[in-house]
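Secondary and tertiary structure notes
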Amino acid sequence: MYTHTHTHTHTHTQGVSDYPFKRVLFCNIGDCQAMGQRPMTFIRQLVAACLDPTTLLNSQLYPEDVRKRAQEIITSNNGSMGCYSDSRGIKVIRKHVAEFIRRRDEIPCNWKNVYMVNGVSDGIKTLLFMCMTEHKQWGEDTFTYHRKAEKTGILIPIPQYPLYTATISEMDAHQISYLVDEDDNWSIDVSKLPQLVEEAREHCQPRVMVVINPGNPTGQNLPRENMKEIVRFCHDEGLLLFSDEVYQENIWEEDVEFQSFRKIIHSMGLENDFQLASFNSTSKGHIGECGMRG
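Structural notes, computed from the coordinates. Quick caveat, the model's predicted, so the values are computed rather than measured.

Where like charges cluster on the molecular surface, the negative patch consists of Asp181, Glu182, Asp183, Asp184, Asp189 and Glu229. Along the chain, the position of Asp183 falls in the loop between β4 (174–181) and β5 (187–188).

Under the criterion given, the structure shown has 1 cavity of 30 Å³ or more. Size it by volume and the largest cavity reaches roughly 60 Å³. Contributing to the lining of the largest cavity are Pro157, Pro159, Tyr178, Val180, Ile188, Val211, Ile212, Gly215, Asn216, Thr218 and Gln220. Elements represented by at least two residues in the lining of the largest cavity include exactly β4 and β6 (205–212). Taken together, the residues that form the lining of the largest cavity break down as 7 nonpolar, 4 polar and no charged.

For the peptide bond that leads from Ile158 to Pro159, omega is 0 degrees, which places it in the cis range. The omega angle of the peptide bond from Asn213 to Pro214 is 0 degrees, so this bond is cis rather than trans. By secondary structure assignment, the location of Pro214 is in the loop between β6 and α9 (224–237). Phi at Glu106 takes a positive value of approximately 60 degrees, unusual for a residue other than glycine. Looking at where Glu106 falls in the secondary structure, it is placed in the loop between α5 (91–105) and α6 (120–130).

Before going further, it helps to spend a moment on the pairing of β4. In the sheet, strand β3 (residues 152–158) pairs with β4 via 6 bridges, with the strands oriented parallel. Directly across from Leu155, in β4, lies its bridge partner Ile176. On the question of chirality, the crossover connecting β3 to the parallel β4 by way of helix α7 (residues 163–170) is right-handed. Bridging between β4 and β5 involves 2 bridges; their strand directions are antiparallel. Opposite Val180, over in β5, you have Ile188 as the bridge partner. Hairpin connection of β4 to β5: 5 residues between the antiparallel strands, including Asn185 at a positive phi of 55 degrees.

This part is about the side chain of Thr152. Here Thr152 lies in strand β3. Overall, the relative accessible area of 1% leaves Thr152 in the buried class. When near neighbours in sequence (up to four residues on either side) are disregarded, Thr152 contacts Cys131, Met132, Thr133, Ala173, His174, Cys204, Gln205 and Arg207.

Turning our eyes to something else, we now look at α9. Compared with an ideal rise of 1.5 Å per residue, which puts 14 residues at 20 Å, α9 spans 20 Å between its outermost C-alpha atoms and is within 8% of the ideal. Listed in full, the buried residues belonging to α9 are Asn226, Met227, Lys228, Ile230, Val231, Phe233 and Cys234. Taken together, the buried residues of α9 touch β3, β5, α8 (193–200), β6, β7 (240–244) and α10 (261–267). In the stretch just after α9, Gly238 is the one whose phi turns positive, near 70 degrees.

Considered as a void within the structure, the second largest pocket measures approximately 940 Å³ in volume. In terms of lining, the second largest pocket is formed by 38 residues, of which the most central are Ile29, Gly30, Asn216, Tyr247 and Lys284. It is α6 that contributes the most residues to the lining of the second largest pocket, 3 residues altogether. The class makeup of the residues in the lining of the second largest pocket is 18 nonpolar, 15 polar and 5 charged.

Cut-offs applied
- Residues numbered from 1 in each chain as written.
- Predicted model: local features only at pLDDT ≥ 70, side-chain atom pairs only at ≥ 80, totals over all residues.
- Heavy atoms only, no water.
- Patch = residues over 30% accessible without salt bridge, like charges linked within 9 Å, V, L, I, M, F, W, Y side chains within 5 Å.
- Areas by Shrake-Rupley, 256 points an atom, 1.4 Å probe, with all protein chains shown as cover.
- Salt bridge = Lys/Arg side-chain N within 4 Å of Asp/Glu carboxyl O.
- Lys, Arg positive; Asp, Glu negative; His and termini not counted.
- Charge placed at Lys NZ, Arg CZ, Asp CG, Glu CD.
- Helix = DSSP H or I, 4+ residues; strand = E, 2+ residues; numbered from the N terminus.
- 1 Å grid on protein atoms, 1.4 Å probe; cavity = no way out; pocket = protein on both sides within 12 Å on 5 of 7 lines; lining within 4 Å.
- Points joined across faces, edges and corners; volume = space filled by probe spheres on them.
- Nonpolar A, V, L, I, M, F, W, Y, C, P; charged D, E, K, R; others polar.
- Pairing = 2+ DSSP bridges.
- Right-handed = clockwise from strand over helix to strand, strands pointing away.
- Buried < 20%, exposed > 50% of the residue type's maximum accessible area, 1.4 Å probe, protein only.
- Contact = heavy atoms within 4.5 Å.
- Expected span 1.5 Å × (residues − 1).

Listed below in structure tokens is the structure:
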């Protein structure tokens, strides 16, 4: 369907289409600005000032808050955006992100636990790669061993964003699919998960559970009790919880407020005994800068 639509889009530009419309909007990806969302002036000016400080930092063309923030970022990156930054991201930006998380969750956040990545997709792929396993099996003579690949099992929701199925296939991991319940507002029936994991152990070592909240493409916002059930399950099974939270600013239901898994874990007193990797992005929400990576 995607390829077919692109073909028809091309024919539109050539003026040979018989369809009664002139433009096709691609809704298969969350491309905010392609759908008409306007970029934020502050962000565009900030990026420009960081890349051309000689011209823009010493003029009145941009507001003072933009110039001040740009200078702070440049200083934190050894005086130029052309310098190598820390592989985990520019320190001052990581501190700003940690402050955002503190305000959101009302819980202190250590900026050293914040990692900047070249788009969330790359971050997810990198972390999944780190979760891949390999088992060493000693031979009968005890002096040699045979390398025996043991696939990593990854629980993913169905339906889901295709990044996960594609990455699992690319890394030759084992997909453990769990269905989200459409009849119960796309919630997760945790009672069915232990059996899925037990059956999967015959083929892999389950290590990761992916939860997309708010849902993509289902759009649900998981209730607090359901999130607690998921946390207990991952804790009991020793699973790393991947919490894909990139749509946390895109909640349109009235009287519904986003809650992070980080906040839920803290409320349960498990913050020192739990494995969590949560993801957020400037590609979505009120920023919507899909084309800017890193």
